[in-house]
Amino acid sequence: MAVSGVLRPGHAQIRVMDLDAGVHHYRDVLGLEEMGRDASGRVFLRAWDERDHHSVILRQDDNAGIDFFGFKVLDEATLDRLEADLQAYGVKTSRIPAGELMETGERVRFEIPSGHQIELYAHKTFMGGTLGQHDPSPYNAKMDKGIAPMRLDHCLLYGPNVGEVLELFTKVLGFHLAEYVTLPDSDEKGALWLSCSNKAHDIAFVIHPEPNKLHHVSFYMESWERVLRAADIMAANDVPVDIGPTRHGITRGGTIYAWDPSGNRFETFSGGNISYPDQEPIGWSWEGLGEGGGLDVAHRKMHETFLSVVT
Ligand code: M3P
Ligand code: FE
């Protein structure tokens, strides 16, 4: 088996300041399916090509942002091994009981040097995809409800100690560095695109003085055409757009960055290159990120909001 260890992003718990507005955005405009609500009022949703119970959890709070980002690992033995490896590396971990998140097994939670809460889990109820598991048709009406991404794809987090984050993800969690940006007049890596698969990235970081900030949660679109359709749906629903539709030079993915009603940025992302752990990572200079089109191939400039607007 080639993909083992940490398999993929499994869930993001996003804080929204108005739950009804948040549900309207993620369910009716983005087009995720509501899978349930728990006793504390959290809302669980998933995208049409996902197989497990949920990938997005909305929690109402006075402050927007991300509570935690979770990765699914292969099995219980992998979870136990990674927990022991984290502890041996000096990372404090805690176990969150099964069922604390709907239809989800025990989670191993830890804080990374950028101040974010990351968690690993081995079990979440398998529901099957909305296309079915046998002789699936390539089309389902759920694909036309709202923007309708296929899946939760990755997140980009802002915080300090990006070098230590790189060490932790590559030395302990088995990720590889796919692409990076060096800071102006320096060899220091200020932004990382890390993959646990051969996707362009499963999680990314940009250096930032304040810990534990969210830049965006990203959703995968089946094609560039679907990204353009998403732009129409955003316009029709007065969704504020940050950047795009355009293409990132970094990852080469098609993209729109836009904001949910609480100011959390989300991305509709398509395509993207593939990466392998044996390959040298692709390096970008600070000028490459801006004028070189790393962020925005079409406009080849740094956007002020990219470095300053986070939740
Ligand atoms: C991404 C992302 C940038 C390239 C980004 C690619 C920001 O999918 O948004 O993390 O230069
Ligand atoms: Fe992204």
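This text follows the structure it describes.
Now for a description of the structure that goes with this document. (Residues numbered from 1 in each chain as written. Chains lettered and ligands numbered in written order. Predicted model: local features only at pLDDT ≥ 70, side-chain atom pairs only at ≥ 80, totals over all residues. Heavy atoms only, no water.)

1. Focus on the overall build of the protein
For the protein, the count of helices and strands is six helices and 17 strands. The C-alpha atoms of the protein give a radius of gyration of 18 Å, which matches the 19 Å a tight globule of 311 residues would have. In terms of overall dimensions, the protein has a C-alpha envelope of 50 × 50 × 45 Å along the principal axes. When burial is assessed residue by residue, the protein has 57% of its 311 residues classed as buried. Long-range contacts, defined as pairs at least 24 residues apart, comprise 66% of the intrachain contacts of the protein with a sequence gap of at least 6. (Helix = DSSP H or I, 4+ residues; strand = E, 2+ residues; numbered from the N terminus. Rg over C-alpha atoms; globule rule 2.2 N^0.38 Å. Buried < 20%, exposed > 50% of the residue type's maximum accessible area, 1.4 Å probe, protein only. Contact = heavy atoms within 4.5 Å.)

2. Re the site of ligand 1
Taken together, 14 residues sit near ligand 1, with H201, H216, H248, Y257 and G294 positioned nearest. Within the side chain of H216, one N or O atom sits 3.0 Å away from an oxygen atom of ligand 1. In the environment of ligand 1, an oxygen atom lies 3.1 Å from a nitrogen or oxygen atom belonging to the backbone of G294. When the free accessible area of ligand 1 is taken as 310 Å², the share hidden by the protein chains comes to 100%. Looking at the shell around ligand 1, its residues break down into seven nonpolar, six polar and one charged. (Near = heavy atom within 4 Å. Polar contact = N/O pair within 3.5 Å; in protein donor to acceptor, adjacent residues only side chain to side chain. Areas by Shrake-Rupley, 256 points an atom, 1.4 Å probe, with all protein chains shown as cover. Nonpolar A, V, L, I, M, F, W, Y, C, P; charged D, E, K, R; others polar.)

3. Overview of the coordination of the iron ion (ligand 2)
Donor atoms from the polypeptide that coordinate the iron ion (ligand 2) comprise H154 (NE2), H216 (NE2) and E267 (OE), at 2.0 to 2.1 Å from the metal. Considering all six donor atoms around the iron ion (ligand 2), angles at the metal cover 51 to 159 degrees and the coordination shape is irregular. Look at where the donors of the iron ion (ligand 2) fall in the sequence and you get H-x61-H-x50-E. A residue pair is termed long-range when its members are at least 10 positions apart, and H154 in strand β9 (residues 151-159) and E267 in strand β16 (residues 265-271) qualify at 113 residues. (Donors = N, O, S within 2.8 Å, 3.2 Å for Na, K, Ca; no water. Tetrahedral: all angles 85-135°; square planar, octahedral: opposite > 155°, others 65-115°.)

4. What to know about unusual backbone geometry
Residue P245 is bonded to the preceding G244 through a cis peptide linkage, with omega at 5 degrees. Phi is positive for D185, close to 50 degrees, though the residue is something other than glycine. Position of D185 relative to the elements: it lies in the loop between β10 (176-182) and β11 (189-195). With a phi close to 55 degrees, D238 is a non-glycine residue in the positive phi region. Within the fold, D238 resides in the loop between α4 (224-236) and β14 (241-247). Owing to a relative accessible area of 68%, D238 belongs among the exposed residues under this scheme.

5. Comments concerning helix α1 (residues 19-29)
Here α1 has its buried residues at L19, G22, V23, H25, Y26 and V29. Its side-chain oxygen 3.1 Å from the backbone nitrogen of D20, D18 forms the N-cap of α1. Taken from the residues just after α1, G31 is the one with a positive phi, measuring 95 degrees.

6. As for the environment of F205
Along the polypeptide, F205 turns up in strand β12 (residues 203-207). Distance in space between the C-alpha atoms of F205 and R95 is 25 Å, their sequence separation being 110 residues. Excluding its chain neighbours within four sequence positions, the residues that come into contact with F205 are I112, S114, H116, L156, L157, V162, V165, F169, G190, A191, L192 and L194.

7. Focus: the sheet that holds strand β7 (residues 107-111)
Read across the open sheet, the eight strands follow the order β2-β3-β4-β1-β5-β8-β7-β6; overall the sheet is mixed. Here the strands that pair on one side only, and so sit at the sheet edges, are β2 (33-37) and β6 (93-96). Pairwise comparison of adjacent strand axes, ignoring direction, gives a mean angle of 25 degrees for this sheet. By the bridge criterion, four bridges tie strand β5 (residues 65-73) to strand β8 (residues 117-121) in an arrangement that is parallel. Bridge pairing in β8 places G70 opposite E119. Lying on the sheet, helix α2 (residues 76-88) is in contact with β1 (6-16), β5, β6, β7 and β8; it crosses β6 at an angle near 150 degrees. (Pairing = 2+ DSSP bridges. Axes fitted to C-alpha atoms, helices over the stretch in contact; angles between N-to-C directions.)

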